[in-house]
Amino acid sequence: MISVEQAKKLIKEHTIALAPVKLKLQDASEHTLAADIYANFDIPAFRQSSMDGYAIMFDDKEVELELIGEMAAGTGHSITIQKGQTSRIFTGAPLPEGADAVVMQEKIIQTDNKITIRDEKLSVGLNVREKGSEIKSGALAIEKDALLSPAAIGFLAGIGVTEVEVYPMPRVSIIITGNELQQPGLALNFGQVYESNSYSLSAALKKEGVYNIEILTAEDNLETLTKVIESALQNSDLVLLNGGVSVGDYDFVTKAANACGIEQIFHKVKQKPGKPLFFGKKNNQLVFGLPGNPSSVLSCYYNYVLPALKMLSNKENSVVEVNAELTHNYKKPTGLTHFLKGQFANGKATPLNAQESYRLSSFAQANCLICLNEEQEIFNAGGAVKVLLLPN
Ligand SMILES: Nc1nc2c(c(=O)[nH]1)N[C@H]1C(S)=C(S)[C@@H](COP(=O)(O)OP(=O)(O)OC[C@H]3O[C@@H](n4cnc5c(N)ncnc54)[C@H](O)[C@@H]3O)O[C@H]1N2
Ligand code: MOO
């Protein structure tokens, strides 16, 4: 059995980012850029007013000006002002030829078609957005490896970009095993439990922007499970098996993985919950065998699957590790790292009740996992612990 740290290290070593793809800009949000993006145009593409008002020559600021025309946003025609002339202008409209400043309409006095300026702060270029002032044609707009935030998507659209090269989100298959499982909504017969792992995992994946999710079910027998894993490997980058990874007579995951040509990287980690965790690889496809208990599934997801998912898409890990002060005494046997469902606030971590791995009620309220290291037995209130903050 390996340690939590060894397991994390092995996953890191075996996970390779997916090959970049081209996506339409509107489909690329929250993806990581795989190539630098350069501007193809000067933006703004013309000198533009940033206010509703009057376009003038700055040297005319003391004289009464004659109103000779109008420039509205979107106009396809330009006009020219001469000395002693002004043009009405609106926000976003091109400056008329000859103008070098815009006076806000609140700062003029108009009599018929004569304008007098009352603006002591007027200067050359005031209220003018210069051509290319956002970005010049040929300049670097966004660097490779940047995450495309909503603002980045808007910026790229604003400079005329329609397609980007990004690391794709992985295609994920969730395989559910267990003859005892019943779909929520149907009656529970004796011995049955509601299937919840595909729900929690799908929700966690969607939170990361992963929507290409296929849920497959397999009966607890080697032949069926092997076929289902083979079919999942046809079109997935990441396969998440649930249950059947322990030592019971109906636990076929490791055998089926082997039959599918999946190389086992590790099986069993010194941790609670999730001790029987399996990790394997076929080509560059990753396969996790998540121990079936609902809380083990999620604990392993945040500790191992989510960091791998991020690496596949060349993104930063979103599970942040911080130091915290434990609020209560806690005792555990040595030998396994424990991950406790907890609440983290103001630098302090409080373990919640209901830590058993078949239960999710405490996980549903947790915002962190408190890590209690393998070799330590006694944890005193006020002592320092490591905490994994769950993505919110
Ligand atoms: N003799 C031993 N028994 C067990 C050991 C062990 O070391 N020796 N390890 C225990 C630990 S720790 C865990 S965790 C579980 C893991 O077992 P499996 O991965 O084989 O999972 P299952 O036996 O199939 O299921 C465990 C548990 O979770 C429920 N389950 C499974 N899938 C779902 C689902 N999709 N939705 C909701 N609940 C699910 C299942 O009904 C079981 O109650 O093994 C221990 N045993
Ligand atoms: O580790 Mo298992 O995940 O205790 O239930």
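Note that the coordinates shown come from a computational prediction; the quantities given were computed from them, not determined experimentally.

The rules behind these values
- Residues numbered from 1 in each chain as written.
- Chains lettered and ligands numbered in written order.
- Predicted model: local features only at pLDDT ≥ 70, side-chain atom pairs only at ≥ 80, totals over all residues.
- Near = placed C-beta within 6 Å.
- Nonpolar A, V, L, I, M, F, W, Y, C, P; charged D, E, K, R; others polar.
- Helix = DSSP H or I, 4+ residues; strand = E, 2+ residues; numbered from the N terminus.
- Buried ≥ 20, exposed ≤ 12 C-beta atoms within 10 Å, placed from the backbone.
- Arc of directions from axis to C-beta.
- Contact = placed C-beta atoms within 7 Å.
- Axes fitted to C-alpha atoms, helices over the stretch in contact; angles between N-to-C directions.
- Parallel < 35°, antiparallel > 145°, perpendicular 65-115°, else oblique.
- Left-handed = near helix turned anticlockwise from the far one by under 90°.
- Domains from an automatic or database assignment.

S.K.: Mind laying out the site of ligand 2, listing which residues take part and the relevant values?
M.R.: Looking at ligand 2, the residues that line it are K272, P273, G274, K275, P291, N293, S296 and S357. A per-class count over the shell around ligand 2 returns two nonpolar, four polar and two charged.

S.K.: Describe unusual backbone geometry, naming the residues involved and giving the relevant values.
M.R.: A cis amide bond, omega -5°, links I43 with the succeeding residue P44. Along the chain, the position of P44 falls in the loop between strand 3 (37–38) and strand 4 (48–49). Following K272, the chain continues to P273 via a peptide bond in cis, the omega torsion being 0°. Among the structural elements, P273 can be located in the loop between strand 20 (271–272) and strand 21 (278–282). Even without glycine at this site, N283 takes up a positive phi of about 50°. By secondary structure assignment, the location of N283 is in the loop between strand 21 and strand 22 (285–290). Residue classification places N283 among the exposed positions, given that 10 C-beta atoms sit within 10 Å.

S.K.: Which residues make up helix 3 (residues 197–207), and what values go with them?
M.R.: Looking only at helix 3, the buried set comprises N197, S198, L201 and L205. Looking down the long axis of helix 3, one finds its buried residues gathered within 90° of arc, a one-sided arrangement. Exposed and facing more than 90 degrees away from the buried side of helix 3 are A203, K206 and K207. The inward-facing, buried residues of helix 3 contact strand 14 (172–177), strand 17 (213–218), strand 18 (238–242) and helix 6 (294–312). Among the residues trailing helix 3, G209 stands out with phi positive, at a value near 85°.

S.K.: Go over the packing of helix 3 against helix 6, please, and point to the residues and values.
M.R.: For any two helices packed against each other, one specifies the crossing angle of their axes together with the interaxial distance. Orientation of helix 3 relative to helix 6, taken along the N-to-C sense of each, is 20°, at an axis distance of 10 Å. The pairing of helix 3 with helix 6 is recorded here as roughly parallel in orientation. Along this stretch, helix 3 crosses helix 6, giving a crossing that reads as right-handed. Between helix 3 and helix 6, the residues in contact are N197, S200, L201 and A204 and P294, V297, L298 and Y301, respectively.

S.K.: Would you mind going over the domain arrangement of the protein in detail, with residue names and values included?
M.R.: If you check the domain split of the protein, you get domain 1 (4–19 + 169–312), domain 2 (21–43 + 133–167), domain 3 (48–129) and domain 4 (320–389). Once you take the C-alpha centre of each, domain 1 and domain 3 turn out to be 66 Å apart.

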